[in-house]
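Here are the chains, one letter per residue:
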Amino acid sequence: MQKFSLHTHTIGFDGRNTEKEMLVKAKELGWTHIGFSNHFIVHPTIKNAPMYKYALKGGYHGIYSSTFDEAVERFLPHYQKIDKLRQETDIKILKGMEVDFFASSEWYDGFSKALEILKPDYLIGSAHFVEHNGILYNSHDVKAASPIEQRQLLHRYWQNERAAAQSGLFTFLAHLDLMKKVGLGQGDEWIEEEQKTIETIQKYGAKVELNTSYFKFGNEPYVSPRMMKMLAITDVPVLISDDAHAAAQLGKYFQQTEDMAKDNGIITLWNPFKKQIKQPFLIAQNRRIL
Ligand SMILES: [Zn+2]
Ligand SMILES: [Zn+2]
């Protein structure tokens, strides 16, 4: 079974445990590596997005930044903490981030500068938001839209995922069929978008996670068995993520997910820490200007 997670969140962002507490649990599980990947979400109008008032109420608004400086300020002490922890433990710790990708040259420039300062080890690409007519919709906002608008937003969602893959920025892409969280995108009419996206991911050499956090809502991870089959056919590398927001969630449902992946044709999982495989791991090796 996979003995690491690269998709985790900690206190100071929207996680419930400290880096140290996560390490203790990882050690208990016999893991050799853990990556911290807190949210890096920067958009000039993010604080006007409909979801922001709920984030304020829930106390997790700190993960949303309207400028890159703001996000960098938040990450610097977190990464310094990791530097310190690296001296104290034998588990290898990686500095990551879960990045909301926005396809604009302003975003790309700002993000490139942030990378130069923070120097993360790897990047996870995400699309928690769909930008449409100047408004940022999260999955719940998409759910609340009219049926016509909803369809437009979903198409746009898949376009974003493809743009993220094409950017070459990301080590892997997170929870591809995220919209099923609100019951969207599961009908047969979305197979074509899914297929197109997997083909783009294959073409640009990105990887895909199977994210076990959806087990809270259903009996499958992100992505669905139907997308697992597409990943298997196209030979896109796949790894498992717990998306742990608490230490107790580390490694949860890994076995079920691995079994399900096998049942759907994914024979081997991508393991960047296997010595014999020199897999490209560091960020930006495929990076291209938008
Ligand atoms: Zn996410
Ligand atoms: Zn996450």
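One can find the structure itself at the top, above this paragraph.
Residues numbered from 1 in each chain as written. Chains lettered and ligands numbered in written order. Predicted model: local features only at pLDDT ≥ 70, side-chain atom pairs only at ≥ 80, totals over all residues. Heavy atoms only, no water.

*Asks:* Please provide a residue-by-residue account of the coordination of the zinc ion (ligand 2), values included.
*Replies:* At the metal site, the zinc ion (ligand 2) is ligated by His7 (NE2), His9 (NE2), Glu98 (OE) and Asp243 (OD), and these contacts range over 2.1 to 2.2 Å. Angles of 80 to 167° at the metal separate the four donor atoms of the zinc ion (ligand 2), which places the site in the irregular class. Spacing between the donor residues of the zinc ion (ligand 2) along the chain follows H-x1-H-x88-E-x144-D. If you look at the zinc ion (ligand 2) and the zinc ion (ligand 1), they sit 3.4 Å from each other and are both ligated by glutamate 98. Pair noted here: glutamate 98 is in strand S5 (residues 92–100) and aspartate 243 is in the loop between strand S11 (238–241) and helix H9 (254–263), with a separation of 145 residues, a long-range link. (Donors = N, O, S within 2.8 Å, 3.2 Å for Na, K, Ca; no water. Tetrahedral: all angles 85-135°; square planar, octahedral: opposite > 155°, others 65-115°. Helix = DSSP H or I, 4+ residues; strand = E, 2+ residues; numbered from the N terminus.)

*Asks:* Explain the nonpolar core to me, using residue names and the numbers behind them.
*Replies:* Taken as a class, soluble globular proteins show a tendency for nonpolar side chains to be buried jointly. Among the nonpolar cores identified, the biggest contains 83 residues, and Phe40 and Phe111 are the most heavily contacted of them. Leaving out residues up to four positions away in the same chain, phenylalanine 111 has contacts with Phe40, Phe68, Met97, Val99, Leu123 and Leu169. The next biggest cluster of nonpolar side chains, apart from the first, holds nine residues, and it includes Phe4, Leu6, Ile124 and Trp270. (Core = buried A, V, L, I, M, F, W, Y, C linked by side-chain atoms within 4.5 Å. Buried < 20%, exposed > 50% of the residue type's maximum accessible area, 1.4 Å probe, protein only. Contact = heavy atoms within 4.5 Å.)

*Asks:* How would you sum up the coordination of the zinc ion (ligand 1)? Please name residues and give values.
*Replies:* Within the protein, the zinc ion (ligand 1) binds to Glu98 (OE), His128 (NE2) and His175 (NE2); these donor distances fall in the range 2.1 to 2.2 Å. Donor residues for the zinc ion (ligand 1) sit on one chain with the sequence pattern E-x29-H-x46-H.

*Asks:* Tell me about the packing of helix H6 (residues 147–167) against helix H7 (residues 191–203), and please be specific about residues and values.
*Replies:* To characterise two packed helices, one gives the angle between the axes of the helices and the distance between these axes. Contact pair H6 / H7: the axes reach a minimum separation of 9 Å and the direction vectors enclose 10°. Between H6 and H7, the angle is such that the two are roughly parallel. Contacts between H6 and H7 involve His155, Trp158, Glu161, Arg162, Ala165 and Gln166 from the former and Glu193, Glu194, Lys196, Thr197, Thr200 and Ile201 from the latter. Residues that form the contact of H6 with H7 fall into these classes: three nonpolar, four polar and five charged. (Axes fitted to C-alpha atoms, helices over the stretch in contact; angles between N-to-C directions. Parallel < 35°, antiparallel > 145°, perpendicular 65-115°, else oblique. Nonpolar A, V, L, I, M, F, W, Y, C, P; charged D, E, K, R; others polar.)

*Asks:* Tell me what's going on with a positive patch on the surface, and back it up with residues and numbers.
*Replies:* A grouping of Arg16, Lys181, Lys216 and Lys252 is seen on the molecular surface, where their side chains present a positively charged patch. Mapped onto the elements, lysine 252 comes out in the loop between S11 and H9. (Patch = residues over 30% accessible without salt bridge, like charges linked within 9 Å, V, L, I, M, F, W, Y side chains within 5 Å. Areas by Shrake-Rupley, 256 points an atom, 1.4 Å probe, with all protein chains shown as cover. Salt bridge = Lys/Arg side-chain N within 4 Å of Asp/Glu carboxyl O. Lys, Arg positive; Asp, Glu negative; His and termini not counted. Charge placed at Lys NZ, Arg CZ, Asp CG, Glu CD.)

*Asks:* With reference to specific residues and values, describe the packing of H7 against helix H8 (residues 225–234).
*Replies:* Interaxial distance between H7 and H8 falls to 10 Å at its minimum, and their mutual angle equals 35°. Crossing hand, H7 versus H8: right-handed. Between H7 and H8, the residues in contact are Ile191, Glu194, Gln195, Ile198 and Gln202 and Arg226, Met227, Met230, Leu231 and Thr234, respectively. Class assignment for the residues of the contact of H7 with H8 results in five nonpolar, three polar and two charged. (Left-handed = near helix turned anticlockwise from the far one by under 90°.)

*Asks:* Provide a residue-level description of the environment of lysine 252, including the pertinent values.
*Replies:* Classification of lysine 252 as partly exposed rests on a relative accessible area of 40%. In this structure the C-alpha to C-alpha distance between lysine 252 and serine 213, which are 39 residues apart in sequence, comes to 8.2 Å. Not counting the four nearest positions on each side in its chain, lysine 252 is found in contact with Thr212 and Asp242.

*Asks:* Please give an account of the environment of leucine 23 that cites residues and values.
*Replies:* Tracing the backbone through its elements, the reader meets leucine 23 in helix H1 (residues 19–28). Assessed through its relative accessible area of 5%, leucine 23 is described here as buried. The sequence separation of leucine 23 and alanine 103 amounts to 80 residues, and the corresponding C-alpha distance is 34 Å. Excluding residues within four positions of it along the chain, leucine 23 makes contact with Ile34, Phe36, Leu85, Thr89, Ile91 and Ile93.

*Asks:* Quick rundown of unusual backbone geometry? Include the residues and the values.
*Replies:* With glycine set apart, most residues show a phi of negative sign, and most peptide bonds adopt trans. Between tyrosine 222 and valine 223 the backbone carries a cis peptide bond, its omega angle lying at 10°. Even without being a glycine, lysine 119 presents a positive backbone phi close to 50°. Inspection of the secondary structure puts lysine 119 in the loop between helix H4 (105–118) and strand S6 (122–126). For lysine 119, a relative accessible area of 58% gives the class exposed. Unlike most non-glycine residues, aspartate 243 shows phi in positive territory, near 55°.

*Asks:* An account of H8 is needed here, citing residue identities and associated values.
*Replies:* Met227, Met228, Met230, Leu231 and Thr234 are the residues of H8 that are buried. Looking straight down H8, one finds that the buried residues subtend no more than 160° of arc, so they occupy a single side. Buried residues in H8 make contact with H6, H7, strand S10 (208–211), S11 and H9. Aspartate 235, located one to two residues past H8, shows a positive phi value of around 65°. (Arc of directions from axis to C-beta.)

*Asks:* Hey, could you go over the pairing of strand S3 (residues 39–42) for me, with residue numbers and the actual values?
*Replies:* Across the two faces of S3 the burial is the same, with His39 and Ile41 and Phe40 and Val42 all buried. Across two bridges, S3 lies against S5 in parallel orientation. Residue pairing for S5: histidine 39 is matched across the bridge by glutamate 98. As paired elements, S3 and strand S4 (residues 64–65) share two bridges and run parallel to each other. By the bridge assignment, isoleucine 41 is partnered in S4 with tyrosine 64. (Pairing = 2+ DSSP bridges.)

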